[in-house]
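Structure assessment
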Amino acid sequence: MLWTLITFVGFTILVAVISYLKTSGDDQTTADGYFLAGRGLPGFVIAGSLLLTNLSAEQLVGTNGQTWLVGMSPMAFEIVAAPCCIILALYAAPRYLKSGITTIPQLIGMRFGRSTKLWFSIAYIILYLVVQIPVILYSGSLVFENIFGVSSLFGITKFQAVVILCIVISVVGSIYAIFGGLKAVAVSDTVNGVGLLIGGFMIPFFALNALGHAAGADGLAIVDGFKYLMQNYPEKLNSIGSATASAPEVPWPTVFTGLLFLGLQSWCTHQSFIQRVLAAENLKEAQKGALYCAFLKIIGFMYLALPGVIAFALFELQGDQVTMMDEAYPQLVSQVIPAPLMGFFAAVMFGAILSSFNSVLNSVDTMFTMDIYKEFINKDASEEKLVKVGKNIGIVFAICTTIVGPMVYFFPAGLKTFLDSFVMLIGLPVLSAVFGGFFFKYLPHYAAKVIMILHIIAYGSFLLIAPHYSIFGGPDSEIHYLYAILILWPIELLIMGIMNHLNKKKGAVAWEQPDVQAVDLTPWKYRWVAAAFIVVCVIVVYAAFSPLGIGA
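Notes on the structure in this doc start here.

About the thresholds
- Residues numbered from 1 in each chain as written.
- Predicted model: local features only at pLDDT ≥ 70, side-chain atom pairs only at ≥ 80, totals over all residues.
- Heavy atoms only, no water.
- Helix = DSSP H or I, 4+ residues; strand = E, 2+ residues; numbered from the N terminus.
- Buried < 20%, exposed > 50% of the residue type's maximum accessible area, 1.4 Å probe, protein only.
- Contact = heavy atoms within 4.5 Å.
- Areas by Shrake-Rupley, 256 points an atom, 1.4 Å probe, with all protein chains shown as cover.
- 1 Å grid on protein atoms, 1.4 Å probe; cavity = no way out; pocket = protein on both sides within 12 Å on 5 of 7 lines; lining within 4 Å.
- Points joined across faces, edges and corners; volume = space filled by probe spheres on them.
- Salt bridge = Lys/Arg side-chain N within 4 Å of Asp/Glu carboxyl O.

This part covers the overall build of the protein chain. Assigned secondary structure in the protein chain consists of 25 helices and zero strands. Principal-axis analysis of the C-alpha atoms places the extent of the protein chain at approximately 75 × 60 × 45 Å. Split into buried and exposed, the 552 residues of the protein chain put 61% on the buried side. Long-range contacts, defined as pairs at least 24 residues apart, comprise 83% of the intrachain contacts of the protein chain with a sequence gap of at least 6. Split by element, the accessible area of the protein chain, about 20,300 Å² in all, is 68% carbon and sulfur.

Structure below.
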């Protein structure tokens, strides 16, 4: 335990020191310097920060828990992220950087007016504070409870341990997000990203080694473990889910439809992701970062999905199967990682948790400060005042989310499924407003508000009613929320198209996106080659984990 604590503290301090050295001379007194890292992030930092913003314990625990329960179909969340990053690089990033925006609501305001900007800013902030940050805190706390046994160590209940850990994560994470600004967050993300790739890839190999030994390996245990998995659980290795599957399984018709729409919302319009791209030194670096990240997401199934399947086989063989999917990955980690490496892995996990927490907290600070405070409260605020307000409101938000975080403990359906389904209540109207605003040049200013209201009513009703496939003659299980997204987004775009047509007939003037020349918009010359390579990789991985490959 002592060595575990030493290595944990050592790596955590190393990340902090590197972040401090890389940001100590930067100007944090301006809004661009604090919220956008002075618009100077290179591609590899953008890629690392994008990856770590997306990848927290919420992903490691949640996705591996899902694959433990239903097999490899949830790996689609990782693989489909790759084409979404391609769209970010080739379509969205050039348009975002052209406008020189700081937040997504700012772009919506430019397209649809100030009141629409306020609507979306408030909705986004509520979503972050009530759902996303609390889930990040809870999932991180769950990992540490299972790795270190905090409840046993201090003689307290598991829930009390979760509360304590939520507070610790919030305090340390707030130091980066509130006092370091975006660049401190991005630099720490990059360092933690390297550690996460090393630590994350250790798990499937150690787990296969343990499975091989448990199955009586007579050769190389890792190879024998994988053979055992293929021979005894081929259905678990199949990523092609049934068309009538319920969450957390992913129905195959939704993979490149409803799930793609969900991914576009995350990777192309989610403020905490996009803020890294907005902070790029130029368009070339933004495109490099997005496309590098796409490749990293493709190989992410190795540590985000495969360990869950291995955990199921190993626990079955040992006769100590867990009962809740959110416990599968933490128990696997505690069983298979050698004691000398446990501290390093815990530090990597801690960094991943902090990265997601930092990123979302920094983004919600940015939106409140730039979209609400500067726009509606104090239009004449100086740069120094905006930075001060951002730091102060960050402290308030951190306290609020720390209170809500432990409450996720009482959600029985699995934290990953809960977050993925609920986030689209606000996320899809944002996607419609941004992409619809680009697609249709004659939209009236009220268009985005109409879509938001219609979507919240329609999708909210779907979540409350929870209809079953049986109403269409299928099995008596809940219709997957991705089908709702598959249907709703095209309908919303169709409605926007009709409004666009009607408004054009009235003689409306076409919207022209301004070019503020914030950064150089020369694209990366290898962007199409990189995009083609990524598409090929997506096809190969899906073919491997299908009935055509090892999922037979």
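Here the narrative resumes, following the displayed structure.
Right, let's talk about empty space enclosed by the protein for a bit. Inspection of the entire model under this criterion finds three cavities of 30 Å³ or more. The computed volume of the second largest cavity comes to approximately 80 Å³. For the lining of the second largest cavity, the secondary structure elements donating two or more residues are α1 (2-23), α11 (181-214) and α19 (339-377).

Right, let's talk about the environment of isoleucine 178 for a bit. Of note, isoleucine 178 is situated in helix α10 (residues 158-179). Between the alpha carbons of isoleucine 178 and glutamine 318 there is a distance of 46 Å; along the sequence they are 140 residues apart. In this structure, isoleucine 178 is in contact with Tyr34, Leu361, Asp365, Lys391, Gly394 and Ile395, ignoring residues within four places of it in sequence.

It is worth spelling out the environment of valine 404 at this point. Following the sequence through the fold, valine 404 ends up in helix α20 (residues 383-404). Take valine 404: its relative accessible area is 30%, and that puts it in the partly exposed class. In this structure, the C-alpha to C-alpha distance between valine 404 and tryptophan 267, residues 137 residues apart in sequence, is 26 Å. Filtering out sequence-adjacent residues up to four positions away, valine 404 remains in contact with Val130 and Pro134.

Turning our attention to helix α14 (residues 271-278). Within α14, eight of the eight residues are buried, which leaves the element mostly enclosed by the surrounding structure. Taken residue by residue, α14 has Gln271, Ser272, Phe273, Ile274, Gln275, Arg276, Val277 and Leu278 as its buried positions.

All right, on to the pattern of salt bridges then. Pairs can form between side chains of opposite charge once their charged atoms are near each other. In the structure shown here, the tally under the stated rule is six salt bridges. Between lysine 117 and glutamate 375 there is a salt bridge, and its shortest N-O distance comes to 3.2 Å. Note that lysine 117 is positioned in helix α8 (residues 114-148) and glutamate 375 in helix α19, a separation of 258 residues in sequence. Salt-bridge contacts for lysine 288 lead to glutamate 285; the nearest nitrogen and oxygen are separated by 3.5 Å. Placement of both lysine 288 and glutamate 285 in helix α15 (residues 283-298) is noted, with a separation of three residues, approximately one turn of the helix. For lysine 288, a relative accessible area of 18% translates into the label buried. Residue glutamate 285 is classed as buried on the basis of its relative accessible area, which comes to 12%. The network of salt bridges with shared partners includes Arg114, Lys117, Asp371 and Glu375.

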